[in-house]
Amino acid sequence: MEANNFNEIIKAHQQKIYAVVFAMVRNEAETDEIVQQTFISAFKGLKKFRSESSIETWLVKIALNNTRTYFRKRKFLSFFYDNEGKAADIKDETQNTEKAVENEAVKKGVAKAIAKLPFRQKEVFVMKHLNGFSIKEISQVLNIAQGSVKANIFKAIKNLQKYLEDFNEVQ
């Protein structure tokens, strides 16, 4: 495949891949690095792509593998550095200050709750509810049964409800 054709693949899928990774990592610089590595890996492995799934599914799979590697490295480095990694600030400039502060608190609370989820639950929840993947697409990307996807989404929602039940009282 020519570089020009691969540039078209990047243009067509970059936003979706970025959204998936950012929802997991919550850090723009780290997300940029993981997305860049995803497309480098995809370019290098393009000859291995068997068209058994869509190009988007294949790219998301690579991105999730790179995200897993990021978390493994981060966990390893945490033994040497005190780097907790705070939730990214998401600003909404169109609303009044009071509403923006309230929305920011909610976003941070939800981001912290999502961060507490076990990794598999976080993957399926983010893919389904933040990125709009279907159960079938998630099943293909993660190479697990559709029933497992549904079960993990259910568990993720139950855990999020538990993590967020005291949120209103804290506010």
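Every value quoted in this text rests on a predicted model; they were computed, and no experiment measured them.

Overall, the predicted model of the protein reaches an average pLDDT of 80, with 77% of residues at or above 70. Note that pLDDT drops below 50 for residues 79-95; the model gives that stretch 18 contacts with residues more than four away or on any other chain.

Moving on, we get to the nonpolar core. Counting 38 residues, the largest nonpolar core has I17, V60, M127 and L142 as the members making the most contacts within it. Looking at this core, the element that brings in the most residues is helix α1 (residues 3-25), giving eight residues.

Attention shifts here to the packing of helix α5 (residues 119-130) against helix α6 (residues 135-142). Between α5 and α6, the shortest axis-to-axis distance is 10 Å and the interhelical angle comes to 135°. Between α5 and α6, the angle is such that the two are oblique. Once α5 is placed against α6, the crossing between them reads as right-handed. Of α6, the residues touching α5 (which contributes R120, E123, V124, M127 and K128) are I135, I138, V141 and L142. For the contact of α5 with α6, a count of residues per class yields six nonpolar, no polar and three charged.

Attention now moves to the pattern of salt bridges. Using the criterion set out here, one finds two salt bridges in the structure. Across the salt bridge formed by E123 and R68, the nearest N and O atoms sit 2.5 Å from each other. Here E123, found in helix α5, pairs with R68, found in helix α3 (residues 55-77); they are 55 residues apart in sequence, far enough to count as distant. Under the relative-accessibility criterion, R68 is labelled partly exposed at 22%. Residue E123 is classed as buried on the basis of its relative accessible area, which comes to 1%. Here the salt bridges share partners, and the residues they tie into one network are R68, R120 and E123.

Another point: unusual backbone geometry. The backbone phi angle of R26 is positive, close to 60°, even though this residue is not glycine. Along the chain, the position of R26 falls in the loop between α1 and α2 (28-44). The buried category is assigned to R26, whose relative accessible area is 18%.

Reading the values: rules and limits
- Residues numbered from 1 in each chain as written.
- Predicted model: local features only at pLDDT ≥ 70, side-chain atom pairs only at ≥ 80, totals over all residues.
- Heavy atoms only, no water.
- pLDDT = per-residue confidence, 0-100.
- Contact = heavy atoms within 4.5 Å.
- Core = buried A, V, L, I, M, F, W, Y, C linked by side-chain atoms within 4.5 Å.
- Buried < 20%, exposed > 50% of the residue type's maximum accessible area, 1.4 Å probe, protein only.
- Helix = DSSP H or I, 4+ residues; strand = E, 2+ residues; numbered from the N terminus.
- Axes fitted to C-alpha atoms, helices over the stretch in contact; angles between N-to-C directions.
- Parallel < 35°, antiparallel > 145°, perpendicular 65-115°, else oblique.
- Left-handed = near helix turned anticlockwise from the far one by under 90°.
- Nonpolar A, V, L, I, M, F, W, Y, C, P; charged D, E, K, R; others polar.
- Salt bridge = Lys/Arg side-chain N within 4 Å of Asp/Glu carboxyl O.

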